[in-house]
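Summary of the model geometry
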Amino acid sequence: MADSELPTRPKPEETGAAAAPAAEGDSKNASKNAAKKAAKEKAKAEKAAARAAQEKAQAAAQEANDTAKHLYGKLPESDDANPTTRFTDFTDEEKEVTVVARVDNARVQSAKLAFLMLRQQGQKIQAVIAAAEPISRQMIKFTGGLNVNSIVKVTGLIKKPEIPISSATIQHLEIHIRKVYMISEAAQMLPMQVKDAERPPPVDADGAPIVTLKTRLDNRVLDLQTETSQAITWISSGVAQLFSEYMIKSGSRWIFTPKLVGAATEGGSNVFEVKYFKRTGYLAQSPQLYKQMCIAGDMENVFEIAPVFRAEDSNTHRHLTEFAGLDFEKTFDKHYHEVLEFAEDLLVFILSQLKERYAAQIATIQKSYPKAGDFKLPKNGKALRLNYMDGVALLKEAGVDMSEQERFENDFSTAMEKQLGQIIRDKYDTDFYVLDKFPMAVRPFYTKADPSDARFSNSYDFFMRGEEIMSGAQRINDIAELEESMRSKGLDPTQEGFEDYLNAFRQGCPPHAGGGLGMNRIVMFFLGLPNVRLASLFPRDPQRLRP
Ligand code: AMO
């Protein structure tokens, strides 16, 4: 124990016991000290108040002198600015414009000069502000100090910069700021920088990822703001629009089938269960049974754009658990090839029109994802159609031999599909092609067998860059044949859930065929993106259920 910690007897002055005269003197001293302290504190407070008053007066004086005080700051209640314009509508004319845009970057160059990079839907333009009556230094400080990503309303004069602005999308014009108002302020710290997400989920010089795909998808709203994501989402929109355009032009009717269904009828286990009050419901794996029931309902030619759910634990570059399905179903006169040709022309229409209508977006995306190159379409405007067995033969020529059993029971593996895609590209100079007549064993129960050889079926797959984007077939429209096909695939036609579907055929149903396309895959392979998640707004996969 240290000396200082030894127990000691308290001194009289500490107990206040027998030391009255001394205590009187001490209390006088103490009150003197307290008074001194209070006086000191008072003086300090007075000084601080004087300083604050001086600063306030200075600020007021500065504000009074601020020739630009009405030209910046919070957006005024009565906003008399011109109607807003989009950067893309700017002309070379030197005129005043008002824009609403995000601050992509803000930089103070000097007390008299600041720059903003403004962003609208991923497109950037430079704005500059220089101190010259009425623009004040305070306005320059405010402009250059804006938080990145804030949304501002800027009025200014369009001018030609002395040299093109290489970091902007619109390089030959800039805005000379006259007014700048805050509309919605962004936080000072963002979880990632939009400019970092602008690069592909990449590796830097040392091989370390800069912004991983995971970070980008976790912060998808910021990620969507990049020029590349903006362009990709335009392509998705284009695919859906072109699909519906083609369908409607052909007299097809847009249908809306239920996604909550009472039985997991179409395939095995890859269906999500949902609690449906006191029983179990399921999320539809495709509109297959319903689009056929519409044909039985005399609708002749139908299509749908809707979510498709797959409870597959597939963690690959091309599998999602929810994707946008483009489905169609159509009657035919004599042969299912009438529908197959209709579908081939559909794809040629979509892909060629994408190139025509979205050339600017495609060019933007290729800056980030240049590897795959331009998507090659058949030069004669007609889809290349081969039979499944032609594909088998082409692979064999390249040294990939499938056994008899493999040919009829397995279908191609992903690696084989990709290799076949390359072979076909080299031989026929196209990234889009069709394989017809798949083995019956690899197709679902509703598929019509090939009447001339029952080992095969009247079914087809469509490929882009060697990967499947569509699957379809002639369907069995005869009830006895349908029940028999189910039994041959180990399904029980009396099983709950099949009843309504089978009843549709008991009342008679015309011959028909159709197909289902994966919208996200079309976008992915058309653009040569490395991952289907990049072609999905808010992707869902076995690991991801947010945002
Ligand atoms: P299928 O199951 O082959 O056929 O699906 C049709 C198309 O949908 C896309 N696709 C997927 N996209 C992303 N993630 C997935 N997990 C996924 N699974 C499929 C593919 C595929 O070609 N009822 C039939 C269609 C029909 O015959 O009409 C069906 O659903 O692009």
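Residues numbered from 1 in each chain as written. Predicted model: local features only at pLDDT ≥ 70, side-chain atom pairs only at ≥ 80, totals over all residues. Heavy atoms only, no water.

**Some points on the overall build of the chain**
Helix and strand counts for the chain come out as 16 helices and 17 strands. Computed over C-alpha atoms, the radius of gyration of the chain comes to 36 Å, more than 25% over the 24 Å expected from 2.2 N^0.38 for 547 residues, which places it beyond the range of a compact globule. Taken over the C-alpha atoms alone, the chain extends approximately 125 × 80 × 50 Å along its principal axes. Per-residue burial over the chain gives 46% buried out of 547 residues. Taking the intrachain contacts of the chain between residues at least 6 apart in sequence as the baseline, contacts between residues at least 24 apart amount to 69%. In the form shown here, the chain has an accessible surface area of approximately 28,700 Å², with 52% of it arising from carbon and sulfur atoms. For the chain, the distance from the average site of its 71 positive side-chain charges to the average site of its 75 negative ones is 8 Å. (Helix = DSSP H or I, 4+ residues; strand = E, 2+ residues; numbered from the N terminus. Rg over C-alpha atoms; globule rule 2.2 N^0.38 Å. Buried < 20%, exposed > 50% of the residue type's maximum accessible area, 1.4 Å probe, protein only. Contact = heavy atoms within 4.5 Å. Areas by Shrake-Rupley, 256 points an atom, 1.4 Å probe, with all protein chains shown as cover. Lys, Arg positive; Asp, Glu negative; His and termini not counted. Charge placed at Lys NZ, Arg CZ, Asp CG, Glu CD.)

**Section: the confidence of the model for the chain**
Here the chain shows a mean pLDDT of 90. Residues at 70 or above account for 92%. pLDDT under 50 marks residues 1-21. Its contacts with residues more than four places away, or in other chains, come to three contacts. (pLDDT = per-residue confidence, 0-100.)

**Observations concerning the packing of aromatic side chains**
Using the criterion set out here, one finds 21 aromatic pairs in the structure. With a centroid separation of 5.0 Å and 75 degrees between ring planes, the pair formed by Tyr-501 and Phe-505 is classed as edge-to-face. Residue Tyr-501 and its partner Phe-505 are located together in helix H15 (residues 499-506), separated by four residues, close to a single helical turn. Judged by its relative accessible area of 1%, Tyr-501 falls in the buried class. Through a chain of ring-to-ring contacts, the aromatic side chains of Phe-445, Tyr-446, Phe-498, Tyr-501 and Phe-505 assemble into a single cluster. (Phe/Tyr/Trp six-rings, centres within 6.5 Å; stacked < 30°, edge-to-face > 60°.)

**A short note on the nonpolar core**
With 56 residues, the main nonpolar core has Ile-235, Phe-328, Leu-351, Phe-432, Phe-462 and Leu-517 as its most contacted residues. Considering every element that reaches this core, the biggest residue donor is helix H9 (residues 337-357), with 11 residues. Counting 29 residues, the second largest nonpolar core, distinct from the first, contains Val-99, Ala-106, Leu-146 and Val-180. (Core = buried A, V, L, I, M, F, W, Y, C linked by side-chain atoms within 4.5 Å.)

**As for helix H3 (residues 137-144)**
For H3, the complete set of buried residues consists of Met-139, Ile-140, Thr-143 and Gly-144. Projected down its long axis, H3 carries its buried residues within an arc of 125 degrees, all on one side. On the buried face of H3, the contacting elements are strand E1 (72-74), strand E2 (96-110), strand E3 (113-120), strand E4 (123-130) and strand E6 (174-184). (Arc of directions from axis to C-beta.)

**Regarding the site of the ligand**
Near the ligand there are 21 residues, and of these Gln-288, Lys-291, Arg-310, Glu-468 and Arg-475 occur at the shortest range. Note that a nitrogen atom of the ligand is positioned 2.9 Å from one of the backbone N or O atoms of Leu-320. Measuring from an oxygen atom of the ligand, one finds a backbone N or O atom of Ser-471 at 3.5 Å. Elements with a contribution of two residues or more to the shell around the ligand: helix H8 (288-296), strand E16 (467-474) and strand E17 (512-518). Broken down by element, the shell around the ligand gets its largest block of residues, five residues, from E16. (Near = heavy atom within 4 Å. Polar contact = N/O pair within 3.5 Å; in protein donor to acceptor, adjacent residues only side chain to side chain.)

**Side note on the sheet that holds E17**
Strand-to-strand pairing in sheets goes through backbone hydrogen bonds, with the strands running parallel or antiparallel. Strand order in the open sheet made by the eight strands is E7-E11-E12-E17-E16-E15-E14-E13, with mixed pairing throughout. The sheet terminates laterally at strand E7 (253-254) and strand E13 (384-387), the two strands that pair on one side only. As defined by bridge partners, strand E15 (residues 459-464) adjoins E16 across six bridges and the pair is classed as antiparallel. By the bridge assignment for E16, Met-464 is matched with Glu-467. (Pairing = 2+ DSSP bridges.)

**So, the side chain of Ser-136**
Assignment of secondary structure puts Ser-136 in the loop between E4 and H3. On the accessibility criterion, Ser-136 (7% relative accessible area) is buried. Ser-136 has contacts with Asp-66, Thr-67, Ala-68 and Tyr-72, leaving out every residue within four places of it along the chain.

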